[in-house]
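Tertiary structure, described
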Amino acid sequence: MSERLGMPLSRFILEEQKRHPGARGEFSIIMEQIAIASQVIASHVRKAGLVDILGFTGKINIQGEKVQKLDELANRIFLEAVKSSGRFCAMASEEMNEAVLMANGGQYVIAFDPLDGSSNIDVNVSIGTIFSIHKKVSQGEMATVEDLLQPGYKQVAAGYIIYGSSTMFVYSTGHGVYGFTFDPSVGTYLLSHDPIKIPEKGKIYSVNEANAKRWVEEGLRKYVEWLKEKDEVTKRPYTSRYVGCMVADVHRTLLKGGIFMYPADEKNRNGKLRLLYEANPMGFLVEQAGGMASTGRQRILEIQPESLHQRVPVILGSPYDVEKAVEFIEKYSD
Ligand code: P6P
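Summarised in this report is the structure supplied together with it. (Residues numbered from 1 in each chain as written. Predicted model: local features only at pLDDT ≥ 70, side-chain atom pairs only at ≥ 80, totals over all residues. Heavy atoms only, no water.)

**Considerations on empty space enclosed by the protein**
The full count for this structure, using the stated rule, is one cavity of 30 Å³ or more. In this structure, the largest cavity occupies an estimated 40 Å³ of space. Taken together, Val109, Ala111, Ser132, His134, Leu148, Gln150, Leu276 and Asn280 form the lining of the largest cavity. Only strand E5 (108-116), strand E6 (127-135) and helix H7 (275-288) provide two or more residues apiece to the lining of the largest cavity. (1 Å grid on protein atoms, 1.4 Å probe; cavity = no way out; pocket = protein on both sides within 12 Å on 5 of 7 lines; lining within 4 Å. Points joined across faces, edges and corners; volume = space filled by probe spheres on them. Helix = DSSP H or I, 4+ residues; strand = E, 2+ residues; numbered from the N terminus.)

**Description of the site of the ligand**
Lining the immediate surroundings of the ligand are 13 residues, of which Asp116, Asn208, Tyr242, Met246 and Tyr262 lie closest. Between the ligand and lysine 272 there is a distance of 3.0 Å, counted from an oxygen atom to a side-chain nitrogen or oxygen. For the ligand, an oxygen atom lies 3.3 Å from a polar atom in the side chain of arginine 274. Its free accessible area being 400 Å², the ligand has 82% of it covered by the protein chains. (Near = heavy atom within 4 Å. Polar contact = N/O pair within 3.5 Å; in protein donor to acceptor, adjacent residues only side chain to side chain. Areas by Shrake-Rupley, 256 points an atom, 1.4 Å probe, with all protein chains shown as cover.)

**Quick word on the packing of helix H6 (residues 246-256) against H7**
Where H6 contacts H7, the two axes come as close as 11 Å, and the packing angle between them is 15°. As the angle between them shows, H6 and H7 are arranged roughly parallel. The interaxial crossing formed by H6 with H7 has right-handed handedness. Listed contacts from H7 to Met246, Val247, Val250 and Leu254 of H6 are Glu278, Ala279, Met282, Leu285 and Val286. (Axes fitted to C-alpha atoms, helices over the stretch in contact; angles between N-to-C directions. Parallel < 35°, antiparallel > 145°, perpendicular 65-115°, else oblique. Left-handed = near helix turned anticlockwise from the far one by under 90°. Contact = heavy atoms within 4.5 Å.)

**Description of the side chain of glutamine 17**
The topology assignment puts glutamine 17 in helix H1 (residues 9-19). Only 3.1 Å separates the side chain of glutamine 17 from the backbone nitrogen of serine 28, close enough to count as a polar contact.

**Observations regarding H1**
For H1, the complete set of buried residues consists of Leu9, Phe12, Ile13, Glu16 and Gln17. The arc enclosing the buried residues of H1, seen along the axis, measures out at 140°, which places them on a common side. At its buried positions, H1 is contacted by helix H2 (26-46), strand E8 (167-172), strand E9 (178-183) and strand E10 (188-193). (Buried < 20%, exposed > 50% of the residue type's maximum accessible area, 1.4 Å probe, protein only. Arc of directions from axis to C-beta.)

**Some points on the sheet that holds strand E14 (residues 292-294)**
Strand order in the open sheet formed by five strands is E12-E11-E13-E15-E14, and the pairing between neighbours is mixed. At either end of the open sheet lies a strand with only one pairing partner, and these are strand E12 (239-240) and E14. Across three bridges, the pairing between E14 and strand E15 (residues 314-317) is antiparallel. Following the sheet pairing, alanine 293 is matched in E15 by leucine 316. The strands touched by helix H8 (residues 319-331) are strand E13 (259-262), E14 and E15; relative to E15, the strand with the most contacts, the crossing angle is about 150°. (Pairing = 2+ DSSP bridges.)

**Considering helix H5 (residues 218-228)**
All buried positions along H5 are accounted for by Gly219, Leu220, Tyr223, Val224, Trp226 and Leu227. One side of H5 carries all its buried residues, which in axial view fall inside an arc of 155°. In this fold, the buried residues of H5 make contact with strand E11 (204-206), E13, E15 and H8.

**Structural notes on the pattern of salt bridges**
Per the stated rule, a full pass over the model turns up 19 salt bridges. Close ionic contact of arginine 297 with glutamate 217 constitutes a salt bridge, the shortest N to O distance being 2.9 Å. Residue arginine 297 is found in the loop between E14 and E15, and its partner glutamate 217 is found in the loop between E11 and H5; the two are separated by 80 residues along the sequence. Exposure remark for arginine 297: the relative accessible area of 51% places this residue in the exposed category. Residue classification places glutamate 217 among the buried residues on the basis of a relative accessible area of 17%. (Salt bridge = Lys/Arg side-chain N within 4 Å of Asp/Glu carboxyl O.)

In structure tokens:
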């Protein structure tokens, strides 16, 4: 039992900085601002049913999805917090067609999904915020899109906030994954998961099976049918859990083990989930927790991004389970 449990997020970040020489106070400022933004977003999410911010703005975002008012609000809140930290010179968001590029001396860039799973807002199911942070690599004063188009293994930090039965802040700076639970009586996040380690093998698979007939990979259809067969040795059949919000499904997979998938299908030839602000940050966290994150054909974190809103197939979770899915893909690949 970690004696650090209950430690406030701000103190934990300072302790972590002392443990990693060379880390300046940047992360403290960055994580503090992100945490504050998440608390403001959480306050709006918690009363979404009461305040007339439900329903659509009528606008369509770059994904071709109707934009919920809460999506726009969350984007504005997160963007302002990131800008006010003064540490970022480039920002990309699911809610913004173009990146925000600045020449403000910031040495970091961030990609985020301000409110993932927003279709769940109106039915009071968990939603979340996801963020991915890289170091600026371009030489000029002004940030460039290339600063945002870096492979996932170069992330210096990634995390998510899940607005569920409790509000949790989960992040990693490359030295393990840590979970903090918001305590309203204290008014801040307290360390509750120190650290998060994904089980080697799970018993839960998480995928929208309605798409199964359209999946590009025949091997995944065979794999999911295999999971349903009875076998004592491999503890099958697995059980199925699917929230329809990546943050919620990945959070459960991190804690309980198993596998989460959003495969490529005939409608979404590159999958539905976005590389920069969904697959990369979640893949980074899952690997930091001891798991694996693959497209089925390659490690997600090794993909060289080509565009801000690029999509990729996602298969992530416990090593045993991801390796088994990849094995089926290879076996049935034509
Ligand atoms: P489907 C939410 O809209 C999202 O982007 C992810 O959070 C989630 O995993 C996925 O889409 C759900 O998609 O097609 O199963 O509803």
